[in-house]
Amino acid sequence: MSLKENPDPAVCPVCAGHHFQSLFRCTDHFVSGRSFPLCRCLQCGFIYTGSAPSEELSSTFYQSEKYISHSNTSEGIINLVYHSVREIMLGQKRKIVAKHAGMPRGTLLDVGAGTGYFLNHMRSKGWEVTGTEKSDTAREFAMKQNGLALLPGEALFSLPAESFDVITLWHVMEHLYDLDEHWKGVKRLLKPGGCLVIALPNHTSSDALHYGEFWAAWDVPRHLWHFSPSSLEHLARKEDFRLVKIHRMPFDPFYVSMLSEKYRKSRFPVLKGLFFGKISWFRALFDPRKCSSLIYILKRQ
Ligand SMILES: [Zn+2]
């Protein structure tokens, strides 16, 4: 598959609409310090990051020791919280996967497996696991740290059809240059009645509305696409999937709020982030669609 030169979509990936409006510009606080416009589809409200780098150049925007999903540093209190929470979340993710798959163990593909912590956990509980990962560094780390041989990203398109009970994408879809090909790819690989699990940030969450351009989960230009529950549901239906359940990721309001406070240069980012995170968490208790990050459970039609 050739690398995408210009990720700006000609038409909206969700509704095929042609008209977009510019919302506001967001800064890349992690790596480059550059700003990028967010563009919203006038027909369905889907948002994408405008003028994002070509796929070939994209790796330069991941070269930061601070990009913790691909590293294992425990420096700084926010990172420390992230790593502790990850351990708790591994168990939660396994329970969600097993419940919706309707089986205690089975065949699992994790797309964008990163450093392999989730797959390693699932393998230890008896799941037969396969993972793909685009980054060479992350794949090497997965082997060294977790003894997992992950496949390169493009292997997704050559694996045997209908071979998985469950396919997971944990905070991966928002990074994909070839969104449409991936939807078709996972549909081909799932067994009939198989379960697709997608975790995504939610720009209609309480903390996204509160922090505006400083909301940490815009994470431009690494996040190319910005989903709301309604846009994800719309896209899933178009690709012949049925949305069966939405779960909150209960720790994300705290993590995202602390990082957002840091981005807007608050004097006490941890305290303020925890305070607003608690408000956002509380609101999401009553309405899960207000949570920072959501786990969508989809079934192949
Ligand atoms: Zn649209």
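Residues numbered from 1 in each chain as written. Predicted model: local features only at pLDDT ≥ 70, side-chain atom pairs only at ≥ 80, totals over all residues.

Chemist: Run through the overall build of the chain, naming residues and quoting values.
Modeler: Across its full length, the chain carries 9 helices and 11 strands. Against the compact-globule benchmark of 19 Å for 301 residues, the chain has a radius of gyration of 18 Å, which places it among compact chains. Principal-axis analysis of the C-alpha atoms gives the chain an extent of 50 × 45 × 40 Å. Looking at the chain as a whole, 42% of its 301 residues are labelled buried. Of the contacts formed within the chain by residues at least 6 apart in sequence, a portion of 70% connects residues at least 24 apart. (Helix = DSSP H or I, 4+ residues; strand = E, 2+ residues; numbered from the N terminus. Rg over C-alpha atoms; globule rule 2.2 N^0.38 Å. Buried ≥ 20, exposed ≤ 12 C-beta atoms within 10 Å, placed from the backbone. Contact = placed C-beta atoms within 7 Å.)

Chemist: Summarise the packing of helix H8 (residues 252–263) against helix H9 (residues 269–286); cite the residues concerned and give the values.
Modeler: Contact geometry for H8 and H9: axes closest at 7 Å, N-to-C directions at 140°. The angle between the axes of H8 and H9 places the two elements in the oblique class. Judged by the twist between their axes, the crossing of H8 over H9 is right-handed. Residues Pro 253, Phe 254, Ser 257, Met 258, Ser 260, Glu 261 and Lys 262 of H8 lie in contact with H9, whose contacting residues are Pro 269, Val 270, Lys 272, Gly 273, Leu 274, Phe 276, Gly 277, Ser 280, Trp 281 and Ala 284. Looking at the contact of H8 with H9 residue by residue, the class counts come to 9 nonpolar, 5 polar and 3 charged. (Axes fitted to C-alpha atoms, helices over the stretch in contact; angles between N-to-C directions. Parallel < 35°, antiparallel > 145°, perpendicular 65-115°, else oblique. Left-handed = near helix turned anticlockwise from the far one by under 90°. Nonpolar A, V, L, I, M, F, W, Y, C, P; charged D, E, K, R; others polar.)

Chemist: Before we move on, can you summarise the environment of Leu 23 with the specific residues and values?
Modeler: Mapped onto the elements, Leu 23 comes out in strand S1 (residues 20–27). We classify Leu 23 as partly exposed; it has 16 C-beta atoms within 10 Å. Separated by 20 residues in sequence, Leu 23 and Gln 43 have C-alpha atoms that sit 14 Å apart. Not counting residues within four places of it along the chain, the set of residues in contact with Leu 23 comprises Leu 38, Cys 39, Arg 40 and Ile 47.

Chemist: Tell me what's going on with H9, and back it up with residues and numbers.
Modeler: Here H9 contains 18 residues, and its C-alpha end-to-end distance of 26 Å stays within 8% of the 26 Å for a straight helix at 1.5 Å per residue. What H9 keeps buried is the set Gly 273, Phe 276, Gly 277, Ser 280, Trp 281 and Ala 284. Projected onto a plane normal to the axis of H9, the buried residues spread over an arc of 150° and lie on a single side. In H9, the exposed positions that point more than 90 degrees away from the buried face belong to Leu 271, Phe 282, Leu 285 and Phe 286. (Expected span 1.5 Å × (residues − 1). Arc of directions from axis to C-beta.)

Chemist: Before we move on, could you go through the pairing of strand S7 (residues 164–170) and cite the residues and values that matter?
Modeler: Of all 7 residues that make up S7, 7 are buried, and the element is covered over most of its length. Inspection of the sheet shows strand S4 (residues 107–111) paired to S7 by 3 bridges, in the parallel sense. Within the sheet, the bridge partner assigned to Leu 108 lies in S7 and is Val 166. Alignment of S7 against strand S8 (residues 190–201), held across 6 bridges, turns out to be parallel. Residue Phe 164 lies in a different strand from S8, and its bridge partner there is Leu 190. With respect to chirality, the unit in which S7 leads through helix H5 (residues 179–189) into the neighbouring parallel S8 is right-handed. (Pairing = 2+ DSSP bridges. Right-handed = clockwise from strand over helix to strand, strands pointing away.)

Chemist: Tell me what's going on with the sheet that holds strand S2 (residues 35–41), and back it up with residues and numbers.
Modeler: Read from one edge to the other, the open sheet built from 4 strands follows the order S1-S2-S3-S9, with strand pairing classed as antiparallel. Edge strands, defined here as strands with exactly one partner in the open sheet, are S1 and strand S9 (225–226). Bridge analysis of strand S3 (residues 47–49) against S9 gives 2 bridges, and the strand direction is antiparallel. Bridging from a neighbouring strand, Ile 47 pairs with His 226 of S9.

Chemist: Let's hear about the sheet that holds S8: which residues, and what values?
Modeler: With respect to topology, 7 strands assemble into an open sheet ordered S6-S5-S4-S7-S8-S11-S10, the strand pairing being mixed. Edge strands, defined here as strands with exactly one partner in the open sheet, are strand S6 (151–152) and strand S10 (241–248). Here strand S5 (residues 128–133) pairs with S6 via 2 bridges, running parallel. Bridge pairing in S6 links Thr 132 to Leu 151. Running at roughly 155° to S10, helix H7 (residues 229–238) makes contact with S8, S10 and strand S11 (293–300) of the sheet.

Chemist: For helix H4 (residues 136–146), give the residues involved together with the corresponding values.
Modeler: What H4 keeps buried is the set Ala 138, Arg 139, Phe 141, Ala 142 and Asn 146. The buried residues of H4 occupy an angular sector of 160° when projected down its axis, which confines them to one face. Along H4, exposed side chains directed more than 90 degrees from the buried face belong to Asp 136 and Lys 144. Where H4 is buried, its residues touch helix H3 (117–124) and S5.

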